[in-house]
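Given next are the chains, with one letter for each unit.
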Amino acid sequence: MARIVTIYDKNPQSFLPRDMSYIRWLKISEALADAGHDVDIATNEFLINKRSSVIQMRKRLRRIPLKGVQWGEYDVVKTLFHLGFSTLEKYGGTNHPFIISKLGSVVGPQDMQGIYFYGERRKWLYSVQEKINKTSKWVVVLTDPAKQLWKRCFKERKDILVVPGAVDQAIALPSSDPYPQDKMIKCLYAGNIYDNDSQPEAHAVLVNKLNKLGKILS
C-alpha cells in the first residue's frame, strides 16, 4: 500500500473538526487509512501530542508538523482545496511526481454567472488552478459540470476524477440525548456558509435553500 500525506491549511491553529473543511480533511485522511494506506496529516499546530487535541487517531493515521515534511518519503501527496495546493507550494512540495489535488469549487478565467467567486478572489483561485493543471497528476472535482468547466479551461486533460461529497457509510444508531433536558432550542449544523462580507451571492443562495428546507421540515 502507499504512504500518503494530506495537506490543507497552513495557518497556525489547533486541528479541531469544528469547521467543515477540517472535518473533510480528517474524514478523507481516515478513509485512506482505513483502506490500508499509511497516512500522515501535515498540520501547522502549535503542539502535536495527545493532550493538544480530542481527536483519536486511527490505526495507520497520524498528524505530523507541516514544517519540515520530507515530501520524497511519500508515494502520494494529496492536497485539499485551492488552499491545500497553495500550502504545498509554500512548503516546497510541488516537485513531487504524484500529487492528487482535490477541489471543492472550480472557477473560470472570467467572472461567470452561477459561479459565486468574483474579482480578485476568483483571479487567485484560477491562478492556483493553472498551477495545479501543470503540476498535479490527478485533479478531483465534486460534480460533472465542474469537470466540464475544467476541461474547457485547460483543454485535453483526461486525468480528472469526479468524486461527489459523501457521508459515513456506517450511520451511528440512535442513542440518548447528549444535551441538557431544558427548554432551550437545540440546533446542529456542521457546514460552511458564507456571509455578507465574503461571497455574498453564494451566501444568499445557500440561505435561501436552508430557509426552504426549514419550511419543509416544519
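One can find the structure itself at the top, above this paragraph.
Conventions we followed
- Here the residue index of a chain counts from 1 through its sequence in written order.
- Local features in this predicted model are restricted to residues of pLDDT 70 or higher, and side-chain atom pairs are both shown and tallied only at a pLDDT of 80 or more, whereas totals for entire chains, interfaces and linings draw on every residue.
- The side-chain numbers reported here are obtained from all heavy atoms of the structure, hydrogens and water having been left aside.
- Secondary structure counts use DSSP, requiring at least four H or I residues in a row for a helix and at least two E residues in a row for a strand, with both numbered from the N terminus.
- To get the radius of gyration, use the C-alpha atoms; to get the globule rule, take the number of residues to the power 0.38 and multiply by 2.2 Å.
- Using a 1.4 Å probe on the protein chains alone, a residue whose accessible area is under 20% of its type maximum counts as buried, one over 50% counts as exposed, and one in between counts as partly exposed.
- The pairing criterion for strands is at least two bridges between them, as found by DSSP.
- Each axis is a line fitted through C-alpha atoms, and for a helix only the stretch in contact is used; angles between axes span 0 to 180 degrees, taken between their N-to-C directions.
- Whether two residues are in contact is decided by their heavy atoms, any of which lying within 4.5 Å being enough.
- Geometry of aromatic contacts follows a simple scheme: Phe, Tyr and Trp rings, the Trp one being its six-membered ring, pair when their centres are within 6.5 Å, and the pair is stacked under 30 degrees between planes, edge-to-face over 60, tilted otherwise.
- Look at NZ for Lys and CZ for Arg. If either is within 6 Å of the ring centre and within 35 degrees of the ring normal, a charge sits over the ring.
- Handedness rule for crossovers: strands pointing away from the viewer, path from the first strand over the helix to the second running clockwise, crossover right-handed.
- To count toward a patch, a residue needs a relative accessible area above 30% and no salt bridge. Like charges then connect within 9 Å, nonpolar side chains (Val, Leu, Ile, Met, Phe, Trp, Tyr) within 5 Å.
- The Shrake-Rupley method, run with a 1.4 Å probe, gives the accessible areas here. Residue values count only the displayed protein chains as cover.
- Throughout this description, the term salt bridge denotes a Lys or Arg side-chain nitrogen within 4 Å of a carboxyl oxygen of Asp or Glu.

Draft legend 1. Seen up close, the overall build of the protein. In terms of regular secondary structure, the protein is built from five helices and seven strands. Helices and strands in the protein line up, N terminus first, as β-α-β-β-β-α-β-α-β-α-β-α. Relative to the compact-globule value of 17 Å for 218 residues, the protein shows a C-alpha radius of gyration of 19 Å, a close match. Its C-alpha atoms give the protein principal-axis dimensions of roughly 55 × 45 × 30 Å. Burial statistics for the protein: of 218 residues in total, 36% are counted as buried.

Draft legend 2. View of the sheet that holds strand 1 (residues 3–7). Here we have seven strands laid out as an open sheet, ordered 3-2-1-4-5-6-7, and parallel in their pairing. Strands with a single pairing partner mark the edges of an open sheet, and in this sheet they are strand 3 (61–65) and strand 7 (160–162). The mean angle between the axes of side-by-side strands here comes to 25°, regardless of whether they run parallel or antiparallel. Across the sheet, helix 2 (residues 81–90) lies against strand 1, strand 4 (76–80) and strand 5 (99–102), angled at about 130° from strand 4, the strand it touches most. Docked against the sheet, helix 4 (residues 144–154) engages strand 6 (138–141) and strand 7, running at close to 165° with respect to strand 7.

Draft legend 3. Quick peek at the packing of aromatic side chains. One pass over the full model with this rule turns up eight aromatic pairs. For the ring pair Y8 and W25, a centre distance of 5.4 Å and an interplane angle of 80° mean the geometry is edge-to-face. Taken together, the residues Y8 in the loop between strand 1 and helix 1 (20–34) and W25 in helix 1 connect sequence positions 17 residues apart. With centroids separated by 5.3 Å and ring planes inclined at 70°, the aromatic side chains of Y22 and W25 adopt a geometry described as edge-to-face. Here Y22 and its partner W25 are both found in helix 1, three residues apart, which amounts to about one turn of the helix. Take Y22 and W25: they sit in the same class, and that class is buried. An aromatic cluster is present here, built from Y8, F15, Y22, W25 and F81 joined pairwise through their rings. The side chain of R3 reaches across the aromatic face of Y74, ending 4.7 Å from its centre.

Draft legend 4. Representation of the pairing of strand 4. Burial analysis of strand 4 places five of its five residues in the buried class, the great majority of the element. Alternating residues of strand 4 divide into V76, K78 and L80 and V77 and T79, and every residue in both groups is buried. Note: strand 1 against strand 4, four bridges, orientation parallel. In the sheet register, I4 faces strand 4, and the bridge partner there is V76. One ladder, built from four bridges, connects strand 4 with strand 5; its direction is parallel. Residue pairing for strand 5: T79 is matched across the bridge by S101. Once you follow strand 4 into helix 2 and on to strand 5, the crossover reads as right-handed.

Draft legend 5. Looking closely at the pairing of strand 2 (residues 38–43). Within strand 2, five of the six residues are buried, which leaves the element mostly enclosed by the surrounding structure. Note that strand 1 and strand 2 share five bridges and pair parallel. When the sheet's bridge partners are listed, I4 is paired in strand 2 with V39. In terms of handedness, the path from strand 1 via helix 1 over to strand 2 forms a crossover that is right-handed. Pairing between strand 2 and strand 3: five bridges, direction parallel. For T43, the partnering residue across the bridge sits in strand 3 and is P65.

Draft legend 6. Structural context of a nonpolar patch on the surface. Among the surface-exposed residues, I193, L206, L210, L213 and L217 lie close enough to one another that they form a single nonpolar patch of about 430 Å² accessible area. Counting through the fold element by element, L206 comes out in helix 5 (residues 200–217).

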